[in-house]
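A closer look at the structure
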Amino acid sequence: MKDHLRELVAQSLLDLRRHGRLAQELVPPDFVIERTRTREHGDYACNIALLLAKPAGLKPRELAELLVNTLPTSQHVEKVSVAGPGFINFTLARNCRLGTVRRVFELGKDYGRQPAGSRESVTVEFVSANPNGPLHVGHGRGAAYGASVANLLDAAGHPVQREYYVNDAGRQMDILAVSVWLRYHELGGVNVRFPDNGYKGEYVVDIARGLRARAGDSLRHNAIEITDNLPPDEGQGGDKEAHVDALIVRARQLLGEAGYRSVFEAGLTWCLGDIRDDLAGFGVVHDAFFSERSLATNGYVQRAIDTLRANGHLFEEQGATWFRATAFGDDKDRVVVRENGATTYFASDLGYLLSKFERGFERALYIFGADHHGYIARLKAAAKGLGLDPARIEIQLVQFAILFRGGERVQMSTRAGSFVTLRELREEVGTDAARFFYVMRGNDQHLDFDLDLAKSRSNENPVYYIQYAHARICSLFRQLAEKQLSYNRSAAEAARNRLVGPHEDALLDELMRYPEVIEAAADSRAPQALANYLRELAAAFHAFYNAQPILVPDEELRNARLGLGKATQQVLANGLALLGVSAPETM
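These figures come from a predicted structure and were not determined experimentally.

**Focus on the overall build of the protein chain**
Secondary structure assignment for the protein chain yields 21 helices and 15 strands. The principal-axis extents of the C-alpha atoms in the protein chain amount to approximately 90 × 70 × 40 Å. Expressed as a percentage of the 587 residues in the protein chain, the buried residues total 53%. Here the contacts in the protein chain between residues at least 6 apart in sequence split such that 72% fall between residues at least 24 apart. For the protein chain, the exposed surface amounts to about 25,800 Å²; the carbon and sulfur share of it is 48%.

This is the structure:
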């Protein structure tokens, strides 16, 4: 509808210029058509007169009156008026509002969706937790947000690829490998002091147990071989980072490349498999798991470095190769190749960024945790250096989620193994509540996750309130069968003029708003806008349900009201699906 109203205004402007009422060279501004705050001011308001008045040499209200008097007639518009300082307000025709029921029936699951492939392609990278342990509740918020944004972009017509970047080449994975190796020794009766900086979760023991079942004693060494002449750990008065790095070097020496790789792969394979299973249970599925190691083998890192060098953005200093990132707005220059010839993490970032566009995507959306704020300037600078359009690179940051139970904050620590896993959260509150609670506030806001509220079966629990509306509609149709009454969709469409009450009108308005909500939520990367809308739609239905009987003897009126309920059921299910939440038929 907004597009239709925009066309009417554009046609009015064209006619005014054609007839000399406005200057031919007058350039139309980028005006807005948006929902009014109250129905007293109609359904939509347009601000074009406020923006164009000064260039046109007119007062805003004068220009608004000119535009209104020149607007083409439309069967969808009942009334147009000028309000306030010069807003143009549109009131929709009743038949337009009533036609929403038919549109929902005709489109079904596609109601609110734009044609597939009608907008630019997007690769959305989200979660991308290091595969060195189970996902925790912090990862869960990024997963819920990323999956919902990807679903919204898909609904808005974007071809979408959902990607998980697997950090399978970094130091943290080496620390996991050493942690697994030492637990493997403990299971074989060789007790070695566990490093302060190691991964202490019970899952490390599980990985070691599986490794031992496959490898037997082939990876075993005695305690002296492992620990002799290592620098002291933090608990021994030393440096924990230096100690664990020395352990990594020692493991590589003792095991050889093949042996060390078998330990490394045991940790990676277990953790990545656990992450995949956990995400699947959370209703989150990625189209691709992109390996960091593949950046080197497929040449992306080298091509990125060669491109920067060809563009004149690299320099040598103290034996290292640097990217002059400060020339593009970053806070410091970045090393891409160390003195020893090894490429850096930033070089991998460059290669990964280049890969996204070499693979044909038109926009790259990164979804990071809030602790990655520094990546915004870094990646924008990288894009400029590589000759890519930085406007096509977008970074959304997801703030932390804090769990509360019984009014008390739930503590968590990843390395110590005492964290709350995403799986534990799902088991406690359910996937539906977790998915909804994670996205009901903006990703840039901290989230206090109330576990008790998420489990409650009350109207204060937003996901329960919305799902109950859907289940209530399903219950209506079960009651219809029990009463041996009939419902006919064609009859419901034909009788929609019987929907004359204020609660019916309000519910029609909400149903009509749904496609606009989807488009706006997708464009602003804001699934909370859809979550809020679904609460408002559920509230409108509950008010309609409580205001008058629906299963009335009057067959025509009964069909009309049931049709309105059926359309509401469809829109609730459509919206909940985009958020990864089920639409139950009973509760």
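After that view of the structure, there is still more to cover.
**Regarding the packing of aromatic side chains**
Scanning all chains against the criterion turns up 22 aromatic pairs. Ring centres of F323 and F346 lie 6.0 Å apart, and the angle between their planes is 15°; this geometry places the pair in the stacked category. Here the residue F323 occupies a position in strand β9 (residues 320-323), and F346 occupies one in helix α12 (residues 345-358), the gap between them amounting to 23 residues. With respect to class, F323 is no different from F346; both count as buried. Geometrically, the ring pair formed by F541 and F544 is tilted, given 5.9 Å between the ring centres and 55° between the ring planes.

**Concerning the sheet that holds strand β11 (residues 363-369)**
Either a parallel or an antiparallel arrangement is found when strands of a sheet pair, and the pairing is made through backbone hydrogen bonds. Strands sit in the order β7-β6-β5-β11-β12 across an open sheet of 5 strands; the sheet is parallel. Edge positions in the open sheet fall to β7 (288-291) and β12 (393-398), since each of these has one partner strand only. Neighbouring strand axes in the sheet, compared pairwise and without regard to direction, differ in orientation by 25° on average. Contacts from helix α5 (residues 137-155) reach β5 (122-125), β6 (160-166), β11 and β12, with the element oriented near 155° to β6. Its contacts with the sheet put α12 on β5, β6, β7, β11 and β12, and the angle it makes with β11 is roughly 140°.

**Some points on the sheet that holds strand β13 (residues 401-405)**
An order of β14-β13-β15 is seen for the 3 strands of this open sheet, with the pairing classed as mixed. Single-partner strands in this sheet number two, and they are β14 (408-409) and β15 (447-450). Here 2 bridges tie β13 to β14, and the two strands are oriented antiparallel to one another. Bridge pairing in β14 links R405 to E408.

**Some thoughts on the side chain of S294**
Turning to its location among the elements, S294 is positioned in helix α10 (residues 293-297). The class of S294 is buried, set by a relative accessible area of 16%. A polar atom in the side chain of S294 sits 2.6 Å from the backbone oxygen of S291. Once you skip the residues sitting within four places of it in the chain, S294 turns out to touch G299 and Y300.

**Concerning the pairing of β12**
For β12, the buried fraction is high: 6 of the 6 residues fall into the buried class. The sheet contact formed by β11 and β12 spans 6 bridges and is parallel. Paired with I367 across the two strands is Q396, which belongs to β12. Of the crossover connections in this fold, the one passing from β11 over helix α13 (residues 375-385) to the parallel β12 is right-handed.

**Things to note about the pattern of salt bridges**
Per the counting criterion, the structure on display carries 44 salt bridges. Measuring nitrogen to oxygen at the nearest pair gives 2.2 Å for the salt bridge that ties D217 to R212. Linking D554 and R498 is a salt bridge whose minimum nitrogen-to-oxygen distance equals 2.9 Å. Remark: R498 occurs in the loop between α18 (489-494) and α19 (502-523) and D554 occurs in the loop between α20 (527-547) and α21 (555-578); sequence separation between them is 56 residues. Each of R39, D43, R94, R97, D505 and D509 takes part in a single network of salt bridges with overlapping partners.

**A few points about unusual backbone geometry**
Its identity as a non-glycine residue notwithstanding, S128 has a phi of 45°, on the positive side. Look at N229: it is not a glycine, yet its phi comes out positive at around 65°. Relative to the assigned elements, N229 resides in the loop between α8 (223-227) and α9 (240-281).

**Focus on helix α14 (residues 422-429)**
Those residues of α14 lying buried are L422, L425, R426 and V429. Axial view of α14: buried residues confined to an arc of 100°, hence all on one face. Against the buried residues of α14 lie α5, α9, β13, α15 (431-439), β15 and α16 (451-455). Residue G430 follows α14 closely and has a positive phi angle near 95°.

**Looking at the pairing of β9**
Along a regular strand, successive side chains alternate from one face of the sheet to the other. In this sheet, β9 lies alongside strand β8 (residues 314-317) in antiparallel orientation, the contact comprising 4 bridges. If you follow F315 over to β9, its bridge partner there is W322. Hairpin geometry of β8 and β9 is characterised by an intervening segment of 2 residues between the two adjacent antiparallel strands and by a positive phi of about 55° at Q318. Bridge analysis of β9 against strand β10 (residues 334-337) gives 3 bridges, and the strand direction is antiparallel. Of the residues in β10, the one forming a bridge with T321 is V337.

Parameters at a glance
- Residues numbered from 1 in each chain as written.
- Predicted model: local features only at pLDDT ≥ 70, side-chain atom pairs only at ≥ 80, totals over all residues.
- Heavy atoms only, no water.
- Helix = DSSP H or I, 4+ residues; strand = E, 2+ residues; numbered from the N terminus.
- Buried < 20%, exposed > 50% of the residue type's maximum accessible area, 1.4 Å probe, protein only.
- Contact = heavy atoms within 4.5 Å.
- Areas by Shrake-Rupley, 256 points an atom, 1.4 Å probe, with all protein chains shown as cover.
- Phe/Tyr/Trp six-rings, centres within 6.5 Å; stacked < 30°, edge-to-face > 60°.
- Pairing = 2+ DSSP bridges.
- Axes fitted to C-alpha atoms, helices over the stretch in contact; angles between N-to-C directions.
- Polar contact = N/O pair within 3.5 Å; in protein donor to acceptor, adjacent residues only side chain to side chain.
- Right-handed = clockwise from strand over helix to strand, strands pointing away.
- Salt bridge = Lys/Arg side-chain N within 4 Å of Asp/Glu carboxyl O.
- Arc of directions from axis to C-beta.

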